[in-house]
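Descriptive structure summary
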Amino acid sequence: MDRLTPVEQRAPGQWQIGTVARVKRETPRVKSFRIELPMWMPHLPGQHYDVRLTAPDGYRAQRSYSIASSPLDEGEVELTIDRLDDGEVSPYFHDVVVEGDRVEVRGPFASYFVWRGESPVLLVGGGSGVVPLMAILRHRRRTMPDLPMRLVYSVRSAGDVIYADELADDALLTYTREPPEGWAGHSGRIDSSLIAGAGIDSGTAFVCGSNGFVETASRLLLEAGFEPDRIRTERFGPSG
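Residues numbered from 1 in each chain as written. Predicted model: local features only at pLDDT ≥ 70, side-chain atom pairs only at ≥ 80, totals over all residues. Heavy atoms only, no water.

Here we come to the nonpolar core. Ranked by internal contacts, the top residues of the largest apolar core, which has 27 residues, are Trp-115, Leu-123, Met-149, Leu-151, Tyr-153, Leu-167 and Phe-206. Secondary-structure elements contributing two or more residues to this core are β7 (121–126), α2 (130–143), β8 (149–157), β9 (171–178) and β11 (204–209). A total of six residues in this core trace back to one element, the largest contributor, which is α2. Each residue touching Leu-123, except ones within four places of it in the same chain, is listed here: Leu-133, Ile-136, Leu-137, Met-149, Arg-150, Leu-151, Val-152 and Phe-206. Counting residues in each nonpolar core, the second largest holds 19 residues, with Tyr-49, Val-51, Ile-67 and Phe-93 among its members. (Core = buried A, V, L, I, M, F, W, Y, C linked by side-chain atoms within 4.5 Å. Buried < 20%, exposed > 50% of the residue type's maximum accessible area, 1.4 Å probe, protein only. Helix = DSSP H or I, 4+ residues; strand = E, 2+ residues; numbered from the N terminus. Contact = heavy atoms within 4.5 Å.)

Structure below.
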């Protein structure tokens, strides 16, 4: 069986100035930013970057955002950012940042919530919690396409689906509030039938979303037979 190309682990380094090469609107409240980095280093799927803004008076705001891109995208990373109205960083990215702008970042960070080629894999994401899971899914598609992996993705409505143009048969969606017209798939919050429908009942699971979502998904995975030490979780807080 093919294996992932080993990623050389180095210190994440200091702050560097990246250039925004592309901005893509994913949903009315979510945008993806492709950032070219002069001191790029390969990351592991599931890691994140810190982003820092400095105001003219010297005030600084810093937030962490998951990497959405594959480590094979040399020289750049993609950060997908959910706009929070009371945030300090995300509104700036959504309302001000355009292609060609320069931003201050450092990373990659995190060592627990990463995929190193384990198989099989079940990804379970709620809302913007799909971002680090997409990095895993994208990398698997390019390096180990035959490896068993499925994404279970919970969103409120069709307009809230991030990466809608990339989701294929390896993704299973549920709409908790407004399913699209003619939708014949699962509706409502994630439950045991949705987990079972993914067709992966053992191996490693990655769960990312709000606190409540992670708690529910983890319980369902345990009931489905996943070992506790094979369930990795990441919780998205309200900061932005």
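Moving on, there is more to tell.
Let us now look at the pairing of β9. Where β8 lies against β9, six bridges are found, and the strand directions are parallel. If you follow Tyr-153 over to β9, its bridge partner there is Leu-173. Of the strand pairs in this sheet, β9 and strand β10 (residues 186–187) are connected by two bridges, and their pairing is parallel. Counted as the bridge partner of Tyr-175 is Ser-187 from β10. (Pairing = 2+ DSSP bridges.)

Within this structure, the stated rule accounts for 19 salt bridges. We note a salt bridge from Arg-34 to Glu-78, for which the minimum N-O separation is 2.8 Å. Here Arg-34 is found in strand β2 (residues 30–36), whereas its partner Glu-78 is found in strand β5 (residues 76–82), with 44 residues between them in sequence. Here the two residues Arg-34 and Glu-78 agree in accessibility, since each one is buried. Between Glu-166 and Arg-138 there is a salt bridge whose closest N-O contact spans 2.4 Å. Linking Glu-166 in the loop between β8 and β9 with Arg-138 in helix α2, this pair joins segments that are 28 residues apart in sequence. For Arg-138, a relative accessible area of 9% translates into the label buried. Among the ionic contacts, a cluster of salt bridges with common partners joins Arg-22, Arg-34, Asp-73, Glu-76, Glu-78, Arg-138, Arg-142 and Glu-166. (Salt bridge = Lys/Arg side-chain N within 4 Å of Asp/Glu carboxyl O.)

Now for the sheet that holds β7. Across the sheet, which stays open at both edges, the six strands sit in the order β10-β9-β8-β7-β11-β12 with parallel pairing between neighbours. The sheet terminates laterally at β10 and β12 (231–235), the two strands that pair on one side only. Lying on the sheet, α2 is in contact with β7, β8, β11 and β12; it crosses β8 at an angle near 145°. Strand contacts of helix α4 (residues 211–224): β7, β8, β11 and β12, with the helix running at about 160° to β11, the strand carrying the most contacts. (Axes fitted to C-alpha atoms, helices over the stretch in contact; angles between N-to-C directions.)

Taken in spatial order, the six strands of this open sheet run β4-β3-β6-β1-β2-β5, and their pairing is antiparallel. Pairing within the sheet leaves two strands with one partner each, and these edge strands are β4 (60–66) and β5. With direction set aside, neighbouring strand axes in the sheet form an average angle of 40°. When strand β3 (residues 48–54) meets strand β6 (residues 102–109), the two strands line up antiparallel, connected through four bridges. Within β6, the position partnered with Arg-52 by the bridge is Glu-104.

A few words now on α2. An ideal rise of 1.5 Å per residue puts 20 Å on 14 residues; α2 measures up with 20 Å between its terminal C-alpha atoms. Within α2, twelve of the 14 residues are buried, which leaves it mostly tucked inside the rest of the structure. Turning to α2, its buried residues are Val-130, Val-131, Pro-132, Leu-133, Met-134, Ala-135, Ile-136, Leu-137, Arg-138, His-139, Arg-140 and Thr-143. (Expected span 1.5 Å × (residues − 1).)

Looking at where Ile-162 falls in the secondary structure, it is placed in the loop between β8 and β9. Spatially, the C-alpha atom of Ile-162 lies 15 Å from that of Pro-179, the residues being 17 residues apart in sequence. Among all residues touching Ile-162, those that are not within four sequence positions of it are Glu-26, Thr-27, Val-30, Thr-80, Gly-127, Ser-128, Val-130, Tyr-153 and Leu-167.

This next bit is on the confidence of the model for the protein chain. In regions of low pLDDT, the predicted coordinates are not meant to be interpreted in detail. When the pLDDT values of the protein chain are averaged, the result is 92; 93% of them are 70 or greater. The low-confidence segment residues 5–9, where pLDDT is below 50, has four contacts with residues more than four positions distant or belonging to other chains. (pLDDT = per-residue confidence, 0-100.)

Right, let's get into the side chain of His-43. Along the chain, His-43 falls in the loop between β2 and β3. A relative accessible area of 0% places His-43 in the buried class. Looking at His-43, its side chain comes within polar contact range of the main-chain oxygen of Ser-69, at 2.8 Å. (Polar contact = N/O pair within 3.5 Å; in protein donor to acceptor, adjacent residues only side chain to side chain.)

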